[in-house]
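# Secondary and tertiary structure notes
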Amino acid sequence: MMLFEPLDSDYHKRSVLYHAARLSMLHDRMLMRFDKVEEAADKVQAAAAVLVDVKHGSAVDALQDAVSRNSSADFLQVEAGQTIGL
């Protein structure tokens, strides 16, 4: 006499649930990566704008303007002895 049905009785239903959960997880991870790529692209674009400003004017003025326009100017943090590489 069997009181419970076997756990593996419906392979297809379990497979569909697993693949749906996996697809949802991968979709969420992909969206997170897109957000990170977009953030990095924004930083590159801001750095490129600074380089264009430097090319067309004073480097000191361009860097000061960039810092005042962008509060998170990570790319402008230069320590003593380092160069920007223009």
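Heads up: these notes are all about the structure in this document. If you're wondering where the values come from, they're calculated on a predicted model, not measured in any experiment.

Calculation rules
- Residues numbered from 1 in each chain as written.
- Predicted model: local features only at pLDDT ≥ 70, side-chain atom pairs only at ≥ 80, totals over all residues.
- Heavy atoms only, no water.
- Helix = DSSP H or I, 4+ residues; strand = E, 2+ residues; numbered from the N terminus.
- Buried < 20%, exposed > 50% of the residue type's maximum accessible area, 1.4 Å probe, protein only.
- Areas by Shrake-Rupley, 256 points an atom, 1.4 Å probe, with all protein chains shown as cover.
- Patch = residues over 30% accessible without salt bridge, like charges linked within 9 Å, V, L, I, M, F, W, Y side chains within 5 Å.
- Salt bridge = Lys/Arg side-chain N within 4 Å of Asp/Glu carboxyl O.
- Lys, Arg positive; Asp, Glu negative; His and termini not counted.
- Charge placed at Lys NZ, Arg CZ, Asp CG, Glu CD.

## What to know about the overall build of the protein chain
- A tally of helices and strands in the protein chain yields two helices and zero strands.
- Across the 86 residues in the protein chain, those meeting the buried criterion constitute 7%.
- When the accessible surface of the protein chain is summed, it comes to about 7800 Å², and 60% of that surface belongs to carbon and sulfur atoms.

## What about a positive patch on the surface?
- Together, Arg22, Arg29, Arg33 and Lys36 make up a region of like positive charge exposed at the surface.
- Lys36 gets classed as exposed once you look at its relative accessible area, which sits at 56%.

## Digging into a nonpolar patch on the surface
- Residues Met30, Leu31 and Phe34 make up a contiguous nonpolar surface patch of about 280 Å² in total accessible area.
- Turning to its location among the elements, Met30 is positioned in helix 1 (residues 11-56).
- When its relative accessible area of 39% is taken as the criterion, Met30 is described as partly exposed.

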